[in-house]
Amino acid sequence: MTTSVPRPKADAEPTAVRAVLSMLWADKFATVAVIFLAVVLFCAIFGPWLLDAVATKQNLRGRNAPPFDFTRGWLFWLGGDALGRPLLARIVVAAQNTMMVAAGAVAASMVIGSALGLIAGYSRGRASQIIPRLADVIMSFPSLLLAVIVLYMLEPSVTNIILVLAITRIPVYLRTTRAEVLEVRERMFVQAARVMGASDTRIIFRHILPIVMPTLLTIATLDFAFVMLAESSLSFLGIGIQAPEITWGLMVSQGRPYMTNAWWLSFWPGLAIVLTTLSLNLLSNWLRVALDPTQRWRLEMGARKNG
Amino acid sequence: MADHLLEVRNLSVTFHTVRGPVHAVRNVSWHLDRGEVLAILGESGSGKSVSAAAIMDLIDCPPGEITSGACLFEGRDLLKMGVEERRAINGKRIAMIFQDPLSHLNPVYSVGWQIEETLVIHGTPKAKAQTETLALLAKVGIPDPAGSARKYPHQFSGGQRQRLMIAMALALRPDILIADEPTTALDVTVQAQILALLETLQHETGMGLLLITHDLGVVAEVADRVVVMNAGEIVEQGTAADVYANPQHPYTKRLIGAAPGKGAMAPDRTGKVVPLLEVTGLRKSYGAFAALQDASFTLEEGETVAIVGESGSGKSTLAKCLLRLEEPTGGKAIYKGRDLLALSPVELYAMRRDIQMVFQDPTQSLNPRMSVYDLISEAWVIHPDILPKVRWRARVAELLDQVGLTPEHMHRYPHQFSGGQRQRIAIARALALEPRIIVCDEAVSALDVSIQAQVIDLLDGLRKRLGLSYIFIAHDLPVVRDFADRVIVMQGGRIVEQGSVRQIFEAPREAYTRNLLAASLDPDPAVQAARRKARLTESLTA
């Protein structure tokens, strides 16, 4: 239900885009984060198609090749793994699986969790009693144990891993959303909307959700890293993504035995995880300010100063 | 000039914000003597609290910067003192109390412990501190001091909490007490008690009392001298009586002119009576607690009915029940031949168009993430049959014009407006549905006096032009006196008295109404002085 003002279409589009870009430019950290994420996204989409052959080719002479050795060609700049495969190529190729699992799990848990949280927080009926208990049940169950049981029974495919990880992360969103909704529901502007005769759907999606959303986005970005690492521990237990498929988390755990003499095996994929999470976090931070009319001037002021 | 207890000289404070420096106060000078009550009077944003904050070292620098001036306490400049020296003065020699006592009392310690703590920190032995605490509690009029000392802040009422804050401030026998809007959050009868307490204590101890307030009535009741501030500058100072009787500066004149309660009262309505809304036996209870008992009244076409009462009297519950924000326990409200309280959700949706509400605090009642256009046009999104979408823009512009804003304001967000403008937006939103009745729940009590007068004028104009009826809920009697046709007085969930405005204000029948009228403060110091004298002789003869 959009209520935006109809303006002449021709010049509305470019100015809106330019306004967003200039607000992004005002926050340099966010700008860098967006560029990095764009690179990661590119790797995730085109990486396997471009570098899959190179990334899986063994080269026993290049076992645990150290990084920054420029004699072996650019693929080995970050070194080679235990089977002599170039780490750079593997990180690029692994981006696809990693992003798919992490984004899928985070998005699924966020959507399901916040939807349940909205219902639990907004309704005053039985649902508000039962849904939080559901979260308690999931939380009281060790998440890894749950994953082991489910993946033991089901096939360990990408979809199932997303499913399992999503289920274990639902309570985080559910509880946060419910707590915030309980508070926002009582605010005066929600009552004002009710006096006007607004339907529950309208109140939830137009008045409550926009207030809760920034919190959810922040949790989601933090959860991104958690999910990547959780997925690697599943792989470690032999029920997650299995070699020859690769993910960053799996690479970290594969490098663990060599930690003392070849640190780069775990370090580079670990760095990729950290940088991705950090970028997402910076982006969500920027988004929180940009979406809030009372805060937006900080970015607009900055943009004016710079440009 | 060293003989003043406290003197502020040419003080200027600037706050550096991203939007450029804001001069909060400019070249402000005033002084306070022992045994004197000085009031700093001003509206919000006038800088009245800033000089007190400078004295107490409460201004955060970097954003703030004291650009010039001095605060002389017994001849020594507070602003040039070291941190240690300053700490020895703050709290001990100069104490401060605030508007909201609940947020300044620690909820996890008993109040006795907190007062003792103040004493012990400043070097009183434990045993002595205990007896002194009890003496203090007795002094500020807390019943059963020994028992109360063991209670926690939430177990006290708002007025009692303010008394506790005063006890804590007085524990170290300060020379100066700074009170920043000490009674703004309190009911009128409680306000009168707290002001009387402050005055008695000030006479007993001979301390200087600095009172920061926006309320002319408070000034008239207790102040010896008054400093009037506007936009960071002192516009006028002098004795309270002089300034009221003979204001020099146009701003002071405007402020005094805007004080409600002096205009002509509405004449009693005569002629054919058309009841628009008829409420009978309205009840609401929460468990065993009856918040509203057996409320019956009528609202006529084009009439303003005011509902007055102190906090907890059930006046807001009454409004919420009528609007079905709360489900009433029993009773009837007949509007156009239908019982509002028995409508099905579908019928209720249609009825929402006719009865709208304006809330107390526009900061909270407007969604901060929606632009003014979105806020007002939301009414037509919800009720699409009122207006086709092509006409929304024009109608929003028209409504903004009607409430005294301009169409350019359409694309701004609520935080970009002042409190008074925000309330205008809220009124425009209510008007968008073209209602017959508007319920105003304390709609002007969060606003400054001059803004209050403007909003009341606006509401009055709209009533005449559009034939609206208002249910006007308020705790502030002077405003009601100017605006209402009839008044309903509530206490403890019951209607104790109702009648025409003239009858209630000139010949109140119930003792409660009389108390309420007596406790509300007149902005004229002479009137307040006469009332005080009357009270005194009354208590002497009794």
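Residues numbered from 1 in each chain as written. Chains lettered and ligands numbered in written order. Predicted model: local features only at pLDDT ≥ 70, side-chain atom pairs only at ≥ 80, totals over all residues.

1. Details of the overall build of chain A
Scanning chain A from terminus to terminus reveals 11 helices and 0 strands. Taking the principal axes of the C-alpha coordinates as reference, chain A spans close to 75 × 55 × 30 Å. Nonlocal contacts in chain A, meaning residues at least 24 apart in sequence, comprise 68% of its contacts between residues at least 6 apart. (Helix = DSSP H or I, 4+ residues; strand = E, 2+ residues; numbered from the N terminus. Contact = placed C-beta atoms within 7 Å.)

2. Description of the overall build of chain B
Each helix and strand counted, chain B has 21 helices and 20 strands in total. Against the 2.2 N^0.38 benchmark of 24 Å for 542 residues, chain B shows a C-alpha radius of gyration of 25 Å, consistent with a compact globule. C-alpha extents for chain B along the principal axes are approximately 70 × 55 × 45 Å. Across the 542 residues of chain B, 46% fall into the buried class. A fraction of 68% describes how many contacts in chain B between residues 6 or more apart in sequence connect residues 24 or more apart. (Rg over C-alpha atoms; globule rule 2.2 N^0.38 Å. Buried ≥ 20, exposed ≤ 12 C-beta atoms within 10 Å, placed from the backbone.)

3. A closer look at the nonpolar core
In this structure, L211 and F472 of chain B are the most contacted members of the largest nonpolar core, which totals 234 residues. For this core, the element with the most residues is helix 3 (residues 87-122) of chain A, which contributes 17 residues. Dropping the residues within four chain positions of it, L211 of chain B is found in contact with V37, L38, A39, A179, V218, V222 and A223 of chain B. (Core = buried A, V, L, I, M, F, W, Y, C linked by C-beta atoms within 7 Å.)

4. With respect to helix 11 (residues 315-322) of chain B
Across the 8 residues of helix 11 of chain B, 8 count as buried, placing the element largely inside the fold. The first or second residue beyond helix 11 of chain B is R324 of chain B, which carries a positive phi of 60 degrees.

5. Notes on the sheet that holds strand 7 (residues 176-180) of chain B
All names here are of chain B. With respect to topology, 6 strands assemble into an open sheet ordered 6-7-8-3-9-10, the strand pairing being mixed. Here the strands that pair on one side only, and so sit at the sheet edges, are strand 6 (94-97) and strand 10 (233-239). Ignoring which end each strand starts from, the neighbouring axes of this sheet average 15 degrees apart. On top of the sheet, helix 6 (residues 158-170) reaches strand 6 and strand 7; it is set at about 170 degrees to strand 6, its chief contact. (Pairing = 2+ DSSP bridges. Axes fitted to C-alpha atoms, helices over the stretch in contact; angles between N-to-C directions.)

6. A word on the confidence of the model for chain A
The predicted coordinates ought not to be read in detail in places where the model reports low pLDDT. Per-residue confidence for chain A gives a mean pLDDT of 81; residues scoring 70 or more make up 92%. Note that pLDDT drops below 50 for residues 1-12 of chain A; the model gives that stretch 9 contacts with residues more than four away or on any other chain. (pLDDT = per-residue confidence, 0-100.)

7. Overview of the environment of I167 of chain A
Residue and element names in this part refer to chain A. Counting through the fold element by element, I167 comes out in helix 6 (residues 158-184). Under the C-beta neighbour-count criterion, I167 is labelled buried, with 20 such atoms within 10 Å. Separated by 28 residues in sequence, I167 and M139 have C-alpha atoms that sit 10.0 Å apart.

8. Some points on the interface of chain A and chain B
With 20 residues of chain A at the interface, the matching set in chain B holds 27 residues. Looking at the side of chain A that touches chain B, the elements that each hand over two or more residues are helix 7 (188-195), helix 8 (200-236) and helix 11 (297-306) of chain A. When residues of the side of chain A that touches chain B are assigned to their parent elements, the largest contribution, 6 residues, is made by helix 7 of chain A. Looking at the side of chain A that touches chain B residue by residue, the classes come out as 11 nonpolar, 5 polar and 4 charged. (Nonpolar A, V, L, I, M, F, W, Y, C, P; charged D, E, K, R; others polar.)

9. Some remarks on the sheet that holds strand 12 (residues 289-300) of chain B
Residue and element names in this part refer to chain B. Across the sheet, which stays open at both edges, the 4 strands sit in the order 12-11-14-15 with antiparallel pairing between neighbours. Unpaired on one side and paired on the other, strand 12 and strand 15 (338-339) mark the two borders of the sheet. For strand 14 (residues 330-335) and strand 15, the ladder comprises 2 bridges, and the chain directions are antiparallel. From the neighbouring strand, Y335 faces strand 15, where its bridge partner is R338.

10. Regarding the pairing of strand 10 of chain B
All names here are of chain B. As judged from the 6 bridges shared by strand 9 (residues 225-230) and strand 10, these two strands associate in the antiparallel manner. Looking across to strand 10, one finds that N230 is bridged to E233. In sequence, strand 9 turns back onto strand 10 through a hairpin of 2 residues, with A231 there showing a positive phi of about 50 degrees.

11. Observations concerning the environment of E7 of chain B
All names here are of chain B. Along the polypeptide, E7 turns up in strand 1 (residues 6-17). Taking the number of C-beta atoms within 10 Å as the measure of exposure, E7 has 20 and is therefore buried. A C-alpha to C-alpha distance of 6.3 Å links E7 and L32, two positions 25 residues apart in sequence.

12. Side note on the packing of helix 6 of chain B against helix 7 (residues 188-205) of chain B
Each pair of packed helices gets described by two things: the angle between the helix axes and the distance between those axes. All names here are of chain B. Close contact between helix 6 and helix 7 brings their axes to 10 Å; oriented N to C, the two are set at 15 degrees. Classified by the angle between their axes, helix 6 and helix 7 sit roughly parallel to one another. Of the two elements, helix 6 crosses helix 7, and the hand of that crossing is right-handed. In this structure, helix 6 uses G158, G159, Q162, R163, I166 and L170 to contact helix 7, whose residues at the interface are V190, Q193, I194, L197, L198 and L201. (Parallel < 35°, antiparallel > 145°, perpendicular 65-115°, else oblique. Left-handed = near helix turned anticlockwise from the far one by under 90°.)

13. Details of helix 6 of chain A
Here helix 6 of chain A is 27 residues long and its end C-alpha atoms lie 37 Å apart, about the 39 Å a rise of 1.5 Å per residue gives. At R169 of chain A, helix 6 of chain A is deflected by roughly 35 degrees, the largest bend along its length, and proline P171 of chain A occurs up to four residues later in sequence. (Expected span 1.5 Å × (residues − 1). Bend = angle between axes of the 7 residues up to and from the residue.)

14. Examining the environment of V34 of chain A
All names here are of chain A. On the secondary structure map, V34 appears in helix 2 (residues 28-56). The exposure class of V34 is partly exposed, given the 17 C-beta atoms found within 10 Å. Along the chain, V34 and S279 lie 245 residues apart, while their C-alpha atoms are 7.0 Å from each other.

15. Quick look at the packing of helix 4 (residues 127-140) of chain A against helix 6 of chain A
All names here are of chain A. Where helix 4 contacts helix 6, the axes come no closer than 9 Å and their chain directions differ by 140 degrees. When the axis of helix 4 is compared with that of helix 6, the two are oblique. For helix 4 against helix 6, the interelement crossing comes out left-handed. Where helix 4 abuts helix 6, its residues P132, A135, I138 and M139 lie against I167, T168, I170, P171, L174, R175 and R178.

16. Remarks on the pairing of strand 1 of chain B
All names here are of chain B. Sheet topology note: the strand 1/strand 2 (residues 20-32) ladder contains 9 bridges and is antiparallel. The partner of H16 across the bridge, within strand 2, is P21. Relative to strand 4 (residues 64-73), strand 1 runs antiparallel, the two being bridged by 8 bridges. Residue pairing in the sheet places E7 in a bridge with L72 of strand 4.

17. Comments concerning unusual backbone geometry
Residue and element names in this part refer to chain B. Look at E181: it is not a glycine, yet its phi comes out positive at around 45 degrees. Among the secondary structure elements, E181 is positioned in the loop between strand 7 and helix 7. When the 18 C-beta atoms within 10 Å are taken as the criterion, E181 is described as partly exposed. Residues other than glycine seldom take positive phi values, yet K336 does so here, at roughly 50 degrees.

18. Points about the confidence of the model for chain B
Of the residues in chain B, 98% have a pLDDT of 70 or more, and the chain-wide mean is 86. Mean pLDDT across the secondary structure elements of chain B bottoms out at helix 21 (residues 525-541) of chain B, with 77, and peaks at helix 14 (residues 372-382) of chain B, with 92.

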